[in-house]
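Residues per chain are reported as follows:
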Amino acid sequence: MTDKIEISSMIRKRTLGLVFVLGAASFAFAQEKANVTGKIVDKHNVAVPYASVSFSNKANKLFSDAVLTDEKGEYRLALVPGAYAITVEAIDFKKVTLNKQITTAGNLGNFTVEAEGSATNTKTQDIQGVTITAQAVKAYRVEIDKKVYDPSLDIVAKGGNLQDVLANVPSVDVDTDGTVSMRGNTNVRFLINGKPSSMLGIDDGANALQSIAADQIERIEVITNPSSKYEASGTAGILNIILKKSKKVGFNGSVEGTLGYLPTSRLNTNLSWRKGAWTYYVNGGGGYSRNKSTNNSEFNSFLNPETLNDGFSMKSIQNGSNKGENKNYNVTTGFVVDVTDKSTLNASVMLRNFNNESTGETTYFDNVIIKDRTALGYPNVPYTLQDQFTNRLNTGTSTNNSFQADLGFDQKIGDKGQMISLATSFQKNKSDGTSMINENGYDNEFDVATHTLNNILTNSVNTTFLAKADYELPVGEVSKIEAGVRYDSNQNDYDYYVDQSKNNGPVEVLPNFTSATFYKENILAGYTQFKSKINNFGYQLGLRAENTDIGVNFKRVSDAAQINVDKNYLKFFPSVFLSYDLNKNNQLLLNYSRRINRPRSFFLIPFMSYNNNRNLFSGNPDLNPTYENSFELGYSLSKSKVTFNPTLYYKKSEDEVNMYQYSGLNADGNTVIYTMPVNAGTEAQYGVDINATYDPFKWWKIMGSANLFGYKNEGSYGDFDFSGEGFSSRFRLTNTFKPTKTTSFQIQGFYRGAQNTVSQQREPMYAVNLGASQTIWKGNGTISFNIQDIFNTRVRENFTTTPSYSQYNFMQWQPRQFTVSLSYRFKQGDKVDQPKRKKDVNSNSSGDDDQQGPM
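From a predicted model like this one, the values you see are computed outputs, not experimental measurements.

Rules of the game
- Residues numbered from 1 in each chain as written.
- Predicted model: local features only at pLDDT ≥ 70, side-chain atom pairs only at ≥ 80, totals over all residues.
- Heavy atoms only, no water.
- Core = buried A, V, L, I, M, F, W, Y, C linked by side-chain atoms within 4.5 Å.
- Buried < 20%, exposed > 50% of the residue type's maximum accessible area, 1.4 Å probe, protein only.
- Helix = DSSP H or I, 4+ residues; strand = E, 2+ residues; numbered from the N terminus.
- Contact = heavy atoms within 4.5 Å.
- Pairing = 2+ DSSP bridges.
- Axes fitted to C-alpha atoms, helices over the stretch in contact; angles between N-to-C directions.
- Salt bridge = Lys/Arg side-chain N within 4 Å of Asp/Glu carboxyl O.
- 1 Å grid on protein atoms, 1.4 Å probe; cavity = no way out; pocket = protein on both sides within 12 Å on 5 of 7 lines; lining within 4 Å.
- Points joined across faces, edges and corners; volume = space filled by probe spheres on them.
- Nonpolar A, V, L, I, M, F, W, Y, C, P; charged D, E, K, R; others polar.
- Patch = residues over 30% accessible without salt bridge, like charges linked within 9 Å, V, L, I, M, F, W, Y side chains within 5 Å.
- Areas by Shrake-Rupley, 256 points an atom, 1.4 Å probe, with all protein chains shown as cover.
- Lys, Arg positive; Asp, Glu negative; His and termini not counted.
- Polar contact = N/O pair within 3.5 Å; in protein donor to acceptor, adjacent residues only side chain to side chain.
- Phe/Tyr/Trp six-rings, centres within 6.5 Å; stacked < 30°, edge-to-face > 60°.

Participant: I keep staring at the nonpolar core and nothing clicks. Help me out?
Facilitator: As a rule of thumb, nonpolar side chains are buried together in soluble globular proteins. Counting residues in hydrophobic clusters, the biggest one holds 26 residues, and the most contacted among them are Leu166, Ile220 and Leu239. For this core, the secondary structure elements donating two or more residues are α2 (162–166), β12 (172–174), β13 (180–182), β14 (188–192), β15 (217–223) and β16 (237–243). Those residues in contact with Ile220 that sit more than four places away from it in its chain are Lys147, Val148, Tyr149, Leu162, Val165, Leu166, Val169, Leu239, Asn240 and Ile241. Residues Val67, Leu79, Tyr84 and Ile86 belong to the second largest nonpolar core, which totals 23 residues.

Right, dumping it as structure tokens:
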């Protein structure tokens with residue numbers, strides 16, 4: 001009986017609650033509305049058709065609405081009387097915002113908008129007594145702790161992917177194999193929407209970057225010297241990829257299709273719906289592509305053949321090519337809701353799938369040592385050299401599936417800027433691969449042809465959970481205290497299986513290459529920082545502590561017992577940011593931070609990969625983290641036609657991780673180059689990173705960047721010397737021409753200078769890209785065309801020289817490509833600006849407006 005009473009009471013309470021909510025909603029929609037009209041015109045009083053006019057009610061977002069002007073530039077809609085923030089946006093015109101009190105029905109008059117490029121960077125004018133501010137569009141802007149790049153102006157990357165966009169971002173370089181570096185350092189930490197993401201896969205490299213379409217990217221934040229609020233990982237810095245999430249009222253979105261060669265097809269869409277306090281969004285797409293790469297190398301031994309084993313190759317030439325087919329899709333969906341005026345809840349789910357089929361062929365020419373072969377008719381001499389040819393065919397498939405679920409909650413406390421932000425994320429990433437290797441060679445000992453068949457099965461599962469809490473406390477008008485905690489848990493499980501059959505014989509498991517590994521990493525972190533400003537001088541002081549606990553359990557079939565590696569260390573990471581405003585458009589920036597580069601999980605695993613049995617990689621369980629101290633001094637100038645941002649920097653690392661290489665024989669008697677990561681010495685870099693834009697005319701925009709740096713490496717391991725010093729450079733220049741309001745052309749070139757150490761030399765590289773776009777369908781559509789690497793010169797060449805051998809390597813990851821893309825945009829309204837907190841003098845916020853800082 002008691003249970004029935006409780007259930008009845010619960011039903012009554014929920015019914016009353018539902019009646020209350022419905023009543024409130026009915027009251028909101030039952031408010032008497034006033035019919036208002038108006039017109040959008042340019043400065044010559046010419047009507048602007050199909051402009052978006054958004055009315056955001058300041059008291060109640062449920063009363064917000066939006067409308068498009070007709071072909072005469074006129075609009076009409078019904079609004080509840082009240083105070084509104086009005087935003088006007090039209091193609092080829094600057095966005096304008098204004099405030100207006102609507103009391104009765106009537107005509108609001110003409111609102112005037114200015115064409116892009118016709119005014120200064122931040123011009124303010126009066127329109128019928130209302131202040132309107134219009135901001136010119138810039139490809140990138142500089143903030144105290146980061147550079148922000150807008151890919152919407154990047155015609156060359158239209159229809160491309162994240163890797164194509166990154167190739168055009170200031171201070172960022174993309175190598176021929178897809179490796180991303182910042183100022184020459186490849187230890188880059190990637191974030192998606194302010195947090196680590198399984199969208200980028202686990203050890204997935206360039207494939208993960210290629211699965212994110214350029215059309216899904218809102219902006220990219222380049223953080224070369226992160227503050228204590230950010231995780232300490234990544235000695236090169238952080239790249240924060242912000243995906244699109246529209247805040248426009250009503251239903252808005254875009255769809256883009258791409259075709260290209262090498263055969264490429266891609267379809268992506270970004271959709272959002274906003275009504276009142278709720279915003280729903282979905283971004284997703286899929287694609288098919290083919291890739292083709294070339295790898296050539298030449299090895300020469302300097303050792304005395306009389307001291308070497310029978311079968312050792314004094315010279316080895318490898319010529320390889322690889323073709324692949326990729327299929328991928330990803331979808332992200334979620335919502336943001338204003339629970340109250342001071343609290344916001346956001347949630348999202350992401351799914352990603354990537355499939356690859358590849359075929360690679362490598363031919364080997366070896367000049368091998370022959371000893372003690374008089375019985376086979378060879379001369380009775382200490383040794384002879386014999387030519388040997390081998391052909392290797394590798395076919396394989398791989399599949400990667402990723403899942404991610406995020407939940408966040410922001411709560412403002414009082415009216416003075418206090419805030420608590422909570423966020424959590426669960427991610428799972430699973431990769432499976434199979435490959436078959438057929439090798440036809442020659443056995444020198446028995447003077448007969450050989451055939452070897454290998455099967456390789458790989459499986460990896462990554463599970464990640466992270467949670468964080470951040471607190472902000474304003475102190476007075478210009479100061480703030482920030483503090484937070486974060487917990488990361490990562491578990492990687494690797495299974496690696498290799499078998500072999502020789503000359504159609506029985507299949508045998510290769511015990512040195514078949515293994516199971518369990519890797520677990522837990523990081524507990526906390527930070528605090530204080531920021532303030534005294535007149536023109538701003539400062540921020542911070543300290544972060546991270547306790548890392550790593551456990552690796554590893555066992556090969558050939559091992560008698562399991563190998564256990566445990567590492568635990570507590571480290572502190574201070575940061576200092578200083579700024580001085582010379583005047584309104586000029587600023588000096590000085591900062592310092594300490595960073596860490598933890599070894600990748602597979603760098604600690606002492607097994608060898610087998611995809612190329614002439615070049616074997618082995619992890620190192622004794623590998624320790626690399627620590628780096630980084631200093632920067634920057635200057636920022638921003639005017640209507642010119643932006644100029646030079647930055648002097650100096651970085652020095654401790655326990656630098658370098659790749660130690662040595663030669664030897666494998667079980668088949670072939671010469672092999674072994675590679676293993678080791679802690680060896682220090683690395684220092686110093687230079688100037690310059691980014692600038694210049695608009696000489698309305699129809700011509702120039703964006704350039706240059707990184708001129710010196711380096712000094714010290715350290716050695718075995719007979720391999722990593723020491724070296726010298727000077728290198730990176731240059732990038734982009735010219736955008738707009739002969740008409742609807743037509744744009746863009747040509748971009750980059751150059752990467754040579755870089756040398758005692759043992760290694762890297763040759764210079766350059767490439768030129770071209771793009772064009774045409775706006776169609778009354779501004780709602782765009783058709784784009786681009787060519788990547790017009791002259792087919794984007795290749796990597798390296799020389800390695802040691803006391804015992806030399807090696808030359810040539811690689812071209814992708815040949816020249818071109819794409820054509822068509823996009824269509826549909827919208828019902830303009831952005832509804834969220835109430836914003838007062839901007840801090842040293843703001844370090846990251847991610848979208850809903851993220852409230854980095855994870």
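Participant: Would you mind showing me how to read unusual backbone geometry here?
Facilitator: One can expect most non-glycine residues to show negative phi and most peptide bonds to be in trans. In this structure, Leu262 follows Tyr261 across a cis peptide bond, with omega equal to 10°. Tracing the backbone through its elements, the reader meets Leu262 in the loop between β17 (250–261) and β18 (264–275). The backbone of Asn503 shows a phi angle near 50°, a positive value even though the residue is not glycine. Of note, Asn503 is situated in the loop between β25 (479–502) and β26 (508–509). For Asn792, which is not glycine, the phi dihedral falls at a positive 55°. Tracing the backbone through its elements, the reader meets Asn792 in the loop between β45 (781–788) and β46 (796–801).

Participant: Please clarify how the sheet that holds strand β31 (residues 615–617) should be interpreted in this entry.
Facilitator: Backbone-to-backbone hydrogen bonds join strands into a sheet, with any given pair of strands oriented parallel or antiparallel. In space, the 3 strands of this open sheet follow the order β31-β35-β34, with mixed pairing throughout. Single-partner strands in this sheet number two, and they are β31 and β34 (657–665). Going from strand to strand, the sheet's axes swing by 25° on average, the running direction of each strand aside. In the sheet, β34 pairs with strand β35 (residues 671–679) via 9 bridges, with the strands oriented antiparallel. Pairing of Tyr662 across the sheet is with Tyr674, part of β35.

Participant: Would you take a moment to explain the pattern of salt bridges for this structure?
Facilitator: Side chains that differ in sign of charge can pair as their charged atoms come close. Enumeration over the complete set of coordinates arrives at 25 salt bridges. Two residues, Lys229 and Glu472, come together in a salt bridge whose shortest N-O distance is 3.8 Å. Here the residue Lys229 occupies a position in the loop between β15 and β16, and Glu472 occupies one in strand β24 (residues 448–475), the gap between them amounting to 243 residues. Of the two residues, Lys229 and Glu472, neither departs from the other in class, the shared state being buried.

Participant: I'm lost on empty space enclosed by the protein in this one. Help?
Facilitator: A water-sized probe rolled over the atoms picks out the places where empty space is left. The final tally for this structure, using the stated rule, is 12 cavities of 30 Å³ or more. Lining the second largest cavity are 20 residues; nearest its centre among them are Asn193, Lys195, Thr332, Ser348 and Asp406. Listing elements by their share of the lining of the second largest cavity, those giving two or more residues are β20 (313–340), β21 (343–370) and β22 (384–413). Here the element with the most residues in the lining of the second largest cavity is β21; it accounts for 5 residues. Its residues assigned to classes, the lining of the second largest cavity comprises 10 nonpolar, 7 polar and 3 charged.

Participant: How do you make sense of the sheet that holds strand β7 (residues 106–112) when you look at a structure like this?
Facilitator: Here 3 strands make up an open sheet; going across it, the order is β4-β1-β7 and the pairing mixed. A single partner strand is all that each edge strand has here, and the edge strands are β4 (74–79) and β7. Ignoring which end each strand starts from, the neighbouring axes of this sheet average 25° apart. Summarising the sheet, strand β1 (residues 34–41) and β7 pair through 5 bridges and their orientation is parallel. Its bridge partner being in β7, Lys39 is matched across the sheet by Asn110.

Participant: Help me understand a nonpolar patch on the surface in this model?
Facilitator: There is a patch of nonpolar side chains on the surface, built from Val255, Tyr261, Leu267, Trp777, Ile783, Phe785, Phe818, Val820, Leu822 and Tyr824 and spanning about 870 Å² of accessible area. Only β17, β45 and β48 (817–826) provide two or more residues apiece to the nonpolar patch. If you tally residues by element for the nonpolar patch, the top one is β48, at 4 residues. Within the secondary structure, Phe818 is located in strand β48. Accessibility expressed as a relative area gives 37% for Phe818, which makes it partly exposed.

Participant: Explain the side chain of Asp499 here, please?
Facilitator: Structurally, the position occupied by Asp499 is in strand β25. Buried charge without a salt bridge: Asp499, with Arg392 as the nearest opposite-charge side chain at an N-O distance of 12 Å. A polar side-chain atom of Asp499 sits 3.0 Å from a polar atom in the side chain of Tyr497.

Participant: Got a minute to help me understand the packing of aromatic side chains in this structure?
Facilitator: What describes a pair of aromatic rings is the distance from one ring centre to the other and the angle between the planes of the rings. A full pass over the atoms with the stated rule returns 27 aromatic pairs. Ring geometry for Phe365 versus Phe389: centroids 5.4 Å apart, planes at 50°, classification tilted. With Phe365 in strand β21 and Phe389 in strand β22, the pair connects residues that are 24 residues apart, well separated along the chain. Seen from their ring centres, Tyr662 and Tyr674 are 5.1 Å apart, and the 20° between their planes marks the pair as stacked. With Tyr662 in strand β34 and Tyr674 in strand β35, the pair connects residues that are 12 residues apart, well separated along the chain.

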